[in-house]
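# Examination of the molecular architecture
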Amino acid sequence: SCDQLGELGEGIGLYFQFLKYFGQTFTIMALMAVPSMIFNTAGVAYSSQKIEADPVLKTTIGNIGASGDLTSKLVIMRIDQFKLYLDMPKHLVSLICSMMDTGIIFVFWLSYMNWRSFQRRVSDGIDKDNLTCADYTILVENVPRNATDKEEWMEFFNKLAPIHENGGKVASMAIALNNGKLLQMSEAREKQEDSLAILRAQLCRSKYEDIQKNVKKAEKNLYKMRAKMGKMRARVDFKAVALFVTFESEFTRKEMEDEFKGLLARKGTLFRNNYRLSVHRAPDPDVILWENLQNRGTEALIRDTAVFFCGSLILLLSGTLIVLIMSAKDRLAIEGFPSYCIDAVDADSSDARESIMWLRYSQGPSVFQAYLKCYCDTCAVGCGSKAATEEEFCSEWVENERNLVLLTMISAAAPAAINNVLKTALKVIVKFEKRHTTNARDGSLAANIFYAQFMNTALIALIINADVSYYISQLKFLGKNGWGILTGEFRDISSRWYMSVGNGLIPTVLVASIAPNVGHFVKWPTKVVQMQLSKVGALTQRQLNKAYEGPEVELSERYGAMLNAVFVILMYSPGMPILYSFGVIFFASAYWADKITLLEIFKRPGTLDATLVQASADKFQWAIYLHLAFACWMFGALNGLKLYVPIISELADAGLKSSQPGEEMGAIVFLTLITDRLRNFPAFVPFCLLVFITARDILTAFLEPMWRVFKEWLARRKRRIERKKIMEMRRKAGYDTEEDNDSEEEIDGGTVKGSMFTYTEALEYEELLGIESYDVLKNPRYKMAFSDREYIPADDSSSDDGLSDGSFGNDIDDDDKSVATSAGTATSAKESDAGPTEKMRK
């Protein structure tokens with residue numbers, strides 16, 4: 001269940017609740033969309049054509065069409081046996097469909113708002129019920145690079161009010177250094193040791209000379225790496241980049257954060273009377289990427305800039321590839337697309353073939369292919385059906401249709417295939433960013449995957465088929481008379497647009513809803529096969545362990561695919577309500593695919609907070625804006641009553657009077673087009689909801705900061721009250737006694753906490769979840785990197801002197817007997833007696 005999955009961490013539990021919650025929401029939305037599809041099916045826009053329309057195509061609002069007068073009626077229901085039928089004016093049908101879609105997106109907005117409230121309650125509840133090391137720890141940034149003396153830091157914090165006046169106490173302290181390259185080389189050393197172990201295992205099986213050479217080469221490379229690391233340690237002067245301070249009391253941690261807030265620095269908070277520190281709650285220890293903490297300032301700016309340009313280039317290349325594929329398909333579709341066969345040549349006439357062939361030279365290949373299809377194809381009314389009897393004459397049409405079907409399949413699958421390739425490229429780019437925590441890294445990866453997939457799945461199909469030069473005259477060089485890239489002919493989302501573009505988007509969206517989850521589910525049987533093969537093929541124990549422990553959970557990819565599916569569905573669902581059912585398919589398949597693979601093949605996840613799910617849910621607000629904007633445009637193209645709306649109607653009338661026929665699109669013409677559509681009753685309904693939600697969000701954006709300041713003031717006042725209550729509770733529970741404290745004043749000013757446990761007590765009673773301190777040695781991610789105290793030649797080990805105060809995980813307890821190496825590890829004095837050569841032999 002979702003509650004049981006929540007035991008694996010806050011992020012995992014919220015993720016599955018998120019899938020389940022919005023899966024139920026899309027189920028309600030899909031059911032609400034059924035009447036809209038029924039009304040759309042009653043349209044006649046496609047029934048008048050001799051080529052029978054696809055049943056799915058008839059469920060779009062393109063079947064209602066914009067032609068005809070307001071009094072024309074559509075038959076909604078007809079039962080001949082009972083002589084019953086229900087008809088409605090077309091403008092009323094358009095209005096009902098618009099109101100239904102607005103109601104659907106309003107339900108989604110309410111669900112979104114309810115989810116935000118639910119998520120906050122769950123996160124607050126989990127934070128109160130569970131203790132982690134981060135509950136007691138602050139992260140101090142903007143520290144001086146030469147501030148590596150822990151005694152100086154202790155003296156600084158002891159002078160501050162939360163400790164000096166309220167009796168707080170520092171439990172431990174860890175200084176992060178700029179030794180990221182050493183940490184990276186440690187990981188590389190681990191990989192080289194794995195390769196060497198595999199080669200030695202192969203050498204035990206067979207004494208081939210080539211393997212012996214490879215073993216010697218690997219040993220030589222490993223020795224060089226150790227020597228290089230030794231020289232680096234002797235050469236580099238490590239500097240401080242951040243500081244992790246753990247307090248005994250959670251109250252002290254919160255008060256210390258308050259001490260450094262505000263526009264102006266408070267008295268005593270300037271380090272060395274010059275440096276203003278940035279202090280906030282520390283992330284959990286197991287999500288910190290220690291090797292990336294030195295990525296700050298200019299280096300971070302350079303990396304972010306490089307990632308932006310590289311990411312843009314990759315998106316441009318992938319988008320160009322999809323554009324070329326879709327352009328080839330669309331050219332065939334236009335040439336072989338018989339939009340109307342009303343004026344087609346009579347297939348039974350004696351000069352039918354000559355007349356059709358003459359069209360190739362007189363009217364062009366597009367008209368020729370259209371009439372050729374009417375002559376050869378089989379349809380309900382008017383087609384010649386000559387393909388079987390005149391195979392040679394119709395062979396060109398048959399080949400065109402075959403290529404069209406092939407390119408249609410390729411264009412539907414191409415975005416999904418290219419998106420999978422993009423994931424790998426984006427992972428490399430995001431890794432180059434060097435984010436400080438796995439949550440920040442995963443959030444960046446999820447956002448980049450979403451942007452890339454959304455562009456390839458939704459935006460390119462819209463742009464490539466639009467007459468972009470009509471709206472932006474500066475891009476005419478990309479059109480038919482220029483580079484031939486943007487050769488679209490549609491200036492509006494009309495009935496023909498749904499027939500040509502929308503009908504191709506439906507399978508593309510379906511693939512985007514299913515393919516990510518099917519591909520994720522396939523990892524299960526694939527991993528089972530790999531585990532079975534590893535029983536025979538594994539040469540070392542570490543290889544076997546890796547085969548059976550499974551890969552790490554990567555929710556960033558899953559959130560990226562989910563955002564892409566939701567945005568694409570909400571973008572085009574106003575005109576194609578069948579897309580709502582694809583949302584149900586996505587969330588249902590994602591829930592079960594993730595649930596099975598998580599329980600069967602993935603590693604047990606570490607501490608995952610609500611960062612990813614919160615960032616993803618926040619983007620849903622933009623999906624709502626996008627949906628309502630497209631709803632205004634799509635429903636504005638239908639027949640409807642013209643309303644008088646102040647300002648909007650005046651702007652539309654003034655623009656229509658001043659515009660000239662054939663005038664190029666400009667700011668005034670475009671504004672006239674927008675306002676004229678918004679006063680159309682079917683478009684005005686979603687526009688009202690758009691204005692309401694936008695006004696609400698703008699008002700919230702202005703009032704929320706003030707409300708946050710007020711809540712923080714209340715929180716500080718509440719903490720002072722809770723401090724007294726907790727002291728009394730601790731006395732009654734026996735934690736604080738007269739024997740433990742010298743005086744009543746010391747109890748009143750002593751160590752207290754938001755929970756019944758101090759940090760030391762939480763350690764003693766094993767109440768802390770996850771890693772218990774910010775000592776890098778206790779982080780499983782770096783356990784193998786520091787498996788040996790000495791991983792460089794013995795003659796270079798003298799470079800360790802004088803660096804213990806600036807190492808990772810160097811606790812300040814007086815009874816700490818550990819010595820720290822320059823790479824940021826801590827090892828006991830007893831272990832240091834063993835030499836590197838002896839430990840490597842073992």
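The coordinates are above.
Residues numbered from 1 in each chain as written. Predicted model: local features only at pLDDT ≥ 70, side-chain atom pairs only at ≥ 80, totals over all residues. Heavy atoms only, no water.

Looking now at the packing of aromatic side chains. How two aromatic rings sit relative to each other is given by the distance of their centres and the angle of their planes. On inspection of all chains with the given rule, the structure shows 41 aromatic pairs. Note on Y15 and Y559: the rings are 5.1 Å apart at their centroids and 70 degrees apart in plane angle, and the pair reads as edge-to-face. Residue Y15 is found in helix α2 (residues 10-41), and its partner Y559 is found in helix α18 (residues 555-572); the two are separated by 544 residues along the sequence. Residues Y15 and Y559 agree in their burial class; the two are buried. The ring of F432 carries R303 above its face, with NZ or CZ at 4.6 Å from the centroid. Here R677 stacks its cationic end above the ring of W633, 4.1 Å away from the centre of that ring. (Phe/Tyr/Trp six-rings, centres within 6.5 Å; stacked < 30°, edge-to-face > 60°. Helix = DSSP H or I, 4+ residues; strand = E, 2+ residues; numbered from the N terminus. Buried < 20%, exposed > 50% of the residue type's maximum accessible area, 1.4 Å probe, protein only. Lys NZ or Arg CZ within 6 Å of the ring centre and 35° of its normal.)

Below, the discussion takes up the pairing of strand β4 (residues 137-141). Of all 5 residues in β4, 5 are buried, a share of seventy percent or more. A two-sided burial pattern is seen for β4, the buried positions comprising T137, L139 and E141 on one face and I138 and V140 on the other. Here β4 pairs with strand β6 (residues 240-247) via 4 bridges, running antiparallel. Counterpart to I138 in the pairing with β6 is V245. In this sheet, strand β9 (residues 278-281) lies alongside β4 in antiparallel orientation, the contact comprising 4 bridges. Bridging across to β9, L139 finds its partner in H280. (Pairing = 2+ DSSP bridges.)

Let us now look at a positive patch on the surface. A grouping of R120, R121, R708 and K711 is seen on the molecular surface, where their side chains present a positively charged patch. Where the positive patch is concerned, the elements lending two or more residues are α3 (90-129) and α23 (681-733). Relative to the elements of secondary structure, R121 occurs in helix α3. (Patch = residues over 30% accessible without salt bridge, like charges linked within 9 Å, V, L, I, M, F, W, Y side chains within 5 Å. Areas by Shrake-Rupley, 256 points an atom, 1.4 Å probe, with all protein chains shown as cover. Salt bridge = Lys/Arg side-chain N within 4 Å of Asp/Glu carboxyl O. Lys, Arg positive; Asp, Glu negative; His and termini not counted. Charge placed at Lys NZ, Arg CZ, Asp CG, Glu CD.)

On the surface, a cluster of nonpolar side chains totalling about 550 Å² of accessible area is made up of I698, L699, F702, L703 and M706. Within the element layout of this structure, M706 appears in helix α23. Judged by relative accessible area, M706 falls into the exposed class, the value being 54%.

With that out of the way, let us pick up the side chain of T252. If you trace the backbone, T252 turns up in helix α8 (residues 250-259). Beyond its immediate sequence surroundings of up to four residues, T252 is in contact with P162, I163, G168 and F247. (Contact = heavy atoms within 4.5 Å.)

Ordered in space as β5-β6-β4-β9, the 4 strands form an open sheet in which the pairing is antiparallel. Looking at the sheet topology across the chains shown, the edges are occupied by β5 (170-177) and β9. Sheet twist, expressed as the average angle between the axes of neighbouring strands with direction ignored, equals 20 degrees. (Axes fitted to C-alpha atoms, helices over the stretch in contact; angles between N-to-C directions.)

With that out of the way, let us pick up the environment of L769. Looking at where L769 falls in the secondary structure, it is placed in strand β10 (residues 768-769). Between the C-alpha atom of L769 and that of T132, which follows or precedes it by 637 residues, the distance is 5.1 Å.

Turning next to the environment of G636. In this fold, G636 is placed in helix α20 (residues 611-636). Of the residues examined, G636 reaches a relative accessible area of 10% and is grouped as buried. When the C-alpha positions of G636 and P682 are compared, they lie 6.2 Å apart, and in sequence the two are 46 residues distant. Once you skip the residues sitting within four places of it in the chain, G636 turns out to touch A631, R677, N680 and A683.

Turning next to α2. Between its first and last C-alpha, α2 extends 45 Å over 32 residues, near the 46 Å set by a 1.5 Å rise per residue. Along α2, the sharpest kink reaches roughly 30 degrees, centred on V34 and followed within four residues by the proline P35. (Expected span 1.5 Å × (residues − 1). Bend = angle between axes of the 7 residues up to and from the residue.)

Among the nonpolar cores identified, the biggest contains 91 residues, and F26, F108, Y498, M562, L570 and Y572 are the most heavily contacted of them. Among the elements that line this core, the one with the most residues is α2, at 14 residues. Apart from residues lying up to four places away in sequence, Y498 is in contact with Y46, L57, T60, I61, G62, I493, N503, G575, M576 and M634. Listed in part, the 29 residues of the second largest apolar core include M154, L182, M185 and M225. (Core = buried A, V, L, I, M, F, W, Y, C linked by side-chain atoms within 4.5 Å.)

A word on unusual backbone geometry. In this structure, R272 takes a positive phi of about 60 degrees despite not being glycine. Here R272 shows up in the loop between β7 (270-271) and β8 (275-276). A positive phi angle is found at N273, which is not glycine, with a value near 60 degrees. Summarising the element assignment, N273 is placed in the loop between β7 and β8. Judged by relative accessible area, N273 falls into the exposed class, the value being 72%.

All right, on to the packing of helix α15 (residues 495-521) against α18 then. How two helices pack is summed up by the angle between their axes together with the distance between the axes. At a closest axis distance of 10 Å, the pairing of α15 and α18 adopts a crossing angle of 160 degrees. Of the possible angle classes, the one that applies to α15 and α18 is roughly antiparallel. At the point where α15 passes α18, the crossing takes the left-handed sense. Residue-level inspection shows W497, L505, V509, A512, S513, P516, N517 and H520 of α15 in contact with α18, the latter providing R558, A561, N564, V568, I569 and Y572. For the contact of α15 with α18, the class distribution of residues is 9 nonpolar, 4 polar and 1 charged. (Parallel < 35°, antiparallel > 145°, perpendicular 65-115°, else oblique. Left-handed = near helix turned anticlockwise from the far one by under 90°. Nonpolar A, V, L, I, M, F, W, Y, C, P; charged D, E, K, R; others polar.)

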